[in-house]
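# An overview of the molecular structure
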Amino acid sequence: MTEIEVKKAQESLQDRLAQVIELLQRQRVVEDLTHRQEGHHHDRVENLVHRQNLVELQRKLDDLHPADIAYILEALPLEDRLTVWQLVRSDRDGDILLEVSDAVRQTLIADMDDHELLAAAKEMDADELADLAPELPRDVVHELMESLDAQQRERVRSALSYDEEQVGALMDFEMVTIREDVSLEVVLRYLRRLKELPGHTDKLFVVDYDGKLKGVLPIKRLLVNDPEKKVAEVMANDPVTFHPEEDAYDAAQAFERYDLVSAPVVDKNDRLIGRLTIDEMVDLIREESESEVLNMAGLREEEDIFASVWRSLRNRWAWLAINLITAFVASRVIGLFEGSIEKLVALAALMPIVAGIGGNSGNQTITMIVRAMALDQVSPGNTSRLMRKELAVSLLNGLIWGGVIGVVAFWLYGSWSLGLVMTAAMTLNLLLAALMGVLIPMTLTRLGRDPAMGSSVMITAVTDSGGFFIFLGLATLFLL
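Residues numbered from 1 in each chain as written. Predicted model: local features only at pLDDT ≥ 70, side-chain atom pairs only at ≥ 80, totals over all residues. Heavy atoms only, no water.

As a further point, take the UniProt feature "transmembrane region" (unreviewed entry) in the protein chain. The UniProt feature table records "transmembrane region" (unreviewed entry) at residues 317-337, 349-370, 391-413, 419-444 and 456-479. When the span residues 391-413 is considered, its composition is 100% helix and 0% strand, and the gap between its end C-alpha atoms is 31 Å. Along residues 419-444 the backbone is 100% helical and 0% strand, and the end-to-end C-alpha distance reaches 37 Å. (UniProt positions renumbered as here; feature names shortened; annotations may be inferred. Helix = DSSP H or I, 4+ residues; strand = E, 2+ residues; numbered from the N terminus.)

Pasting the structure below:
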């Protein structure tokens, strides 16, 4: 590596972001100073300084990978984001649009005219066009489809015909196919004539004259075997294959399980129609993980952190409204025991502990259940056993930590009965949290909803109301 390459490799992504932000800030400061100055050469000086800063910023962007530029764009406020976007070379627009998040991509597309969108899209492969097409204006999509050749047009339409969560929407059409009756030497000569291999090519796909998949030839087998051997002697006859209608997340799990880099996609007649690659699977797993986190918090969609106030409000208001209702219910539960709290003020100090620990325990259970459901580890045959296990864990936690807080309550208030009530309330609320932590995601799944959707909000509501009712009810019954 050259000295420049070593320096670039050592720079972290955060350093690059900081450098871009510093250049943007410097530009604003210089522009502000030149605006305050008066003189015959004012406009000329301002224009010169402005160009110098933009040239330096553009040079910095030209050195960055499209994924790094995408990261920087996501981390900038809208005005700075569009400034940087205008400085990106037009031949890199398509790569960057595919790298940024959906929310940020919308802001970038809105800043581009039809000509720029067409120029960016024409550099993309069919599977990439299918990813981007739903977010482009209809007239741009129509003009783009007209500009494609028949094969590309058919590939794009094929990818668009599948749901975004199906394998067909993610498959790649760029692959190398060979026949089983040729020698490895012939295959090697064929590969040398190609300008380049498709990305993530770890195997070649063996097909017959009807396009049916017969097997795969891993590159490592091609390189280490005798060139005189036939492909049929060396190829793997039982590769992992996928159908376009299969769930993409199941395919991603298979990639992880079998350490795949690429895999063939076949139709119902076993004809090879495309392939899946590891980069698409990694992106899918990341998006699923982010979506799950957002859903558990009650957010409806991915949000640009610099989105407008109104857009952010629309994304967040629904579950906040539900949370407000559940909080009101919890307050009314406390209201039922106002007399008890007036007689024993210690109850007001201790009851948030019962509710808080219950909410934490419930969130732990829900996280484990949602993860198990995502990995297809939960089935009707093991649901009852899973329920018993979670209840047993909560019972032990309740007795142990309830006993600890019971001793603390006795030490603070000098009442053994209050300590016992605290222990019993803690145990019962943890059992309630475990029960609801299993039932909430399973019920959502049966209703056809995402099991993580708002689960954190719902479990907190249940454990708060339940914890207050259990603790104050026991206190009223045994202490007062």
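Here strand β4 (residues 262-266) lies mainly inside the structure; 5 of its 5 residues are buried. By the bridge criterion, 5 bridges tie β4 to strand β5 (residues 272-277) in an arrangement that is antiparallel. Residue pairing for β5: Pro264 is matched across the bridge by Arg275. (Buried < 20%, exposed > 50% of the residue type's maximum accessible area, 1.4 Å probe, protein only. Pairing = 2+ DSSP bridges.)

So, about the UniProt feature "domain: CBS" (unreviewed entry) in the protein chain. Per the UniProt record, "domain: CBS" (unreviewed entry) is found at residues 171-233 and 235-291. Annotation note: span residues 171-233, helix share 30%, strand share 21%, distance between end C-alpha atoms 28 Å. Each end of residues 235-291 is marked by a C-alpha atom, and these two atoms are 39 Å apart; helix forms 44% of the span and strand 19%.

With 29 residues, helix α19 (residues 346-374) extends 43 Å from end C-alpha to end C-alpha; this agrees with the ideal 42 Å at 1.5 Å per step. Two residues or fewer after α19 comes Asp376, characterised by a positive phi angle close to 60 degrees. (Expected span 1.5 Å × (residues − 1).)

What you tend to see is this: most non-glycine residues have negative phi, and most peptide bonds are trans. Positive phi outside glycine occurs at His200, with the angle close to 60 degrees. Tracing the chain through its elements places His200 in the loop between α12 (184-193) and β2 (203-207). The exposure class assigned to His200 is partly exposed, which follows from its relative accessible area of 37%. Even without being a glycine, Asp259 presents a positive backbone phi close to 55 degrees. Residue position: Asp259 is located in the loop between α15 (248-258) and β4.

The full count for this structure, using the stated rule, is 11 salt bridges. A salt bridge links Arg16 to Asp68, with the nearest nitrogen and oxygen atoms 2.7 Å apart. Of the two residues, Arg16 is situated in helix α2 (residues 13-36) and Asp68 in helix α4 (residues 66-74); the sequence distance between them amounts to 52 residues. Arg89 serves as the salt-bridge partner of Asp62, at 3.5 Å between the closest nitrogen and oxygen. Of this pair, Asp62 sits in helix α3 (residues 42-62) while Arg89 sits in the loop between α5 (78-87) and α6 (93-99), and the two are 27 residues apart along the sequence. One connected set of salt bridges, linked through shared partners, spans Asp62, Arg89 and Asp91. (Salt bridge = Lys/Arg side-chain N within 4 Å of Asp/Glu carboxyl O.)

This part is about the nonpolar core. Within the largest apolar cluster, 58 residues are counted, with the highest numbers of intra-cluster contacts made by Leu57, Leu73, Val84, Trp85, Ile96, Phe242 and Leu276. The biggest single contributor to this core is α15, with 5 residues. Sequence-distant contacts of Ile96, defined by excluding residues within four places in its chain, comprise Pro66, Ile69, Ala70, Leu73, Trp85 and Val88. Membership of the second largest hydrophobic core comes to 24 residues, among which are Met351, Ala355, Phe471 and Ala475. (Core = buried A, V, L, I, M, F, W, Y, C linked by side-chain atoms within 4.5 Å. Contact = heavy atoms within 4.5 Å.)

On a regular strand, one side chain projects to one face of the sheet and the next to the other, so that they alternate. Burial runs high along β2: 5 of the 5 residues are buried. Neither face of β2 is left uncovered, since the one carrying Lys203, Phe205 and Val207 and the one carrying Leu204 and Val206 both have all their residues buried. Of the pairings in the sheet, the one linking strand β1 (residues 177-178) to β2 comprises 2 bridges and is parallel in character. If you follow Thr177 over to β2, its bridge partner there is Phe205. Relative to strand β3 (residues 213-218), β2 runs antiparallel, the two being bridged by 5 bridges. Its bridge partner being in β3, Lys203 is matched across the sheet by Pro218.

Summed over the entire model, instances satisfying the criterion amount to 3 aromatic pairs. Aromatic side chains Phe242 and Phe255 sit 6.0 Å apart centroid to centroid with 20 degrees between the ring planes, which places their arrangement in the stacked category. Of the two residues, Phe242 is situated in the loop between α14 (231-234) and α15 and Phe255 in helix α15; the sequence distance between them amounts to 13 residues. For the pair shown, Phe242 and Phe255 are each scored as buried. Pairing Phe337 with Phe469 gives two aromatic rings, centres 6.0 Å apart and planes at 70 degrees, and the pair type is edge-to-face. Pair noted here: Phe337 is in the loop between α17 (309-336) and α18 (338-343) and Phe469 is in helix α22 (residues 455-478), with a separation of 132 residues, a long-range link. Residue Phe337 is classed as buried on the basis of its relative accessible area of 12%. Classification of Phe469 as partly exposed rests on a relative accessible area of 48%. (Phe/Tyr/Trp six-rings, centres within 6.5 Å; stacked < 30°, edge-to-face > 60°.)

Turning to the side chain of Thr201, a few remarks are in order. Take Thr201: it is sitting in the loop between α12 and β2. A distance of 2.5 Å separates a polar atom in the side chain of Thr201 from the backbone oxygen of Pro198. Excluding residues that lie within four positions of it along the chain, Thr201 makes contacts with Ile219 and Arg275. (Polar contact = N/O pair within 3.5 Å; in protein donor to acceptor, adjacent residues only side chain to side chain.)

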